[in-house]
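Results of the structural survey
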Amino acid sequence: MTAGTDPLTVPQVMERLQLGRTAVYDLLRTRQLPSLTLGRARRIPAHALTDFIRTRLDQEAA
């Protein structure tokens, strides 16, 4: 995988969105932000984070 498509960890998503751990897990739990479970680890595809941000921006603009 290339750097732009590598799955992100929860701490990486926390840093990129400037959100706390609970807020990120709430997004995952409510399926607003898709994720993969690999063993016990949660990973968020980079494109899913980009799509989430784009959707939120579109909602804010409407």
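Structural notes, computed from the coordinates.

Calculation rules
Residues numbered from 1 in each chain as written. Predicted model: local features only at pLDDT ≥ 70, side-chain atom pairs only at ≥ 80, totals over all residues. Heavy atoms only, no water. Core = buried A, V, L, I, M, F, W, Y, C linked by side-chain atoms within 4.5 Å. Buried < 20%, exposed > 50% of the residue type's maximum accessible area, 1.4 Å probe, protein only. Helix = DSSP H or I, 4+ residues; strand = E, 2+ residues; numbered from the N terminus. Contact = heavy atoms within 4.5 Å. Axes fitted to C-alpha atoms, helices over the stretch in contact; angles between N-to-C directions. Parallel < 35°, antiparallel > 145°, perpendicular 65-115°, else oblique. Left-handed = near helix turned anticlockwise from the far one by under 90°. Nonpolar A, V, L, I, M, F, W, Y, C, P; charged D, E, K, R; others polar.

Ranked by internal contacts, the top residues of the largest apolar core, which has 13 residues, are Val13, Leu33, Ile44 and Leu49. Those elements that provide at least two residues to this core are α1 (10-17), α2 (21-29) and α3 (46-61). Examining the composition of this core, we find that four residues originate from one element, α1, more than from any other. Residues within four places of Val13 in sequence aside, it is in contact with Leu8, Gln18, Val24, Leu33, Ile44 and Leu49.

Taken N-terminus to C-terminus, the directions of α1 and α3 make an angle of 30°; their axes are 12 Å apart at the nearest point. Taken together, the axes of α1 and α3 lie roughly parallel to each other. By crossing handedness, the relation of α1 to α3 is classed as right-handed. When α1 is examined against α3, the residues Val13, Arg16 and Leu17 are found in contact with a partner set consisting of Leu49, Phe52 and Ile53. Of the residues that constitute the contact of α1 with α3, the class distribution is five nonpolar, no polar and one charged.

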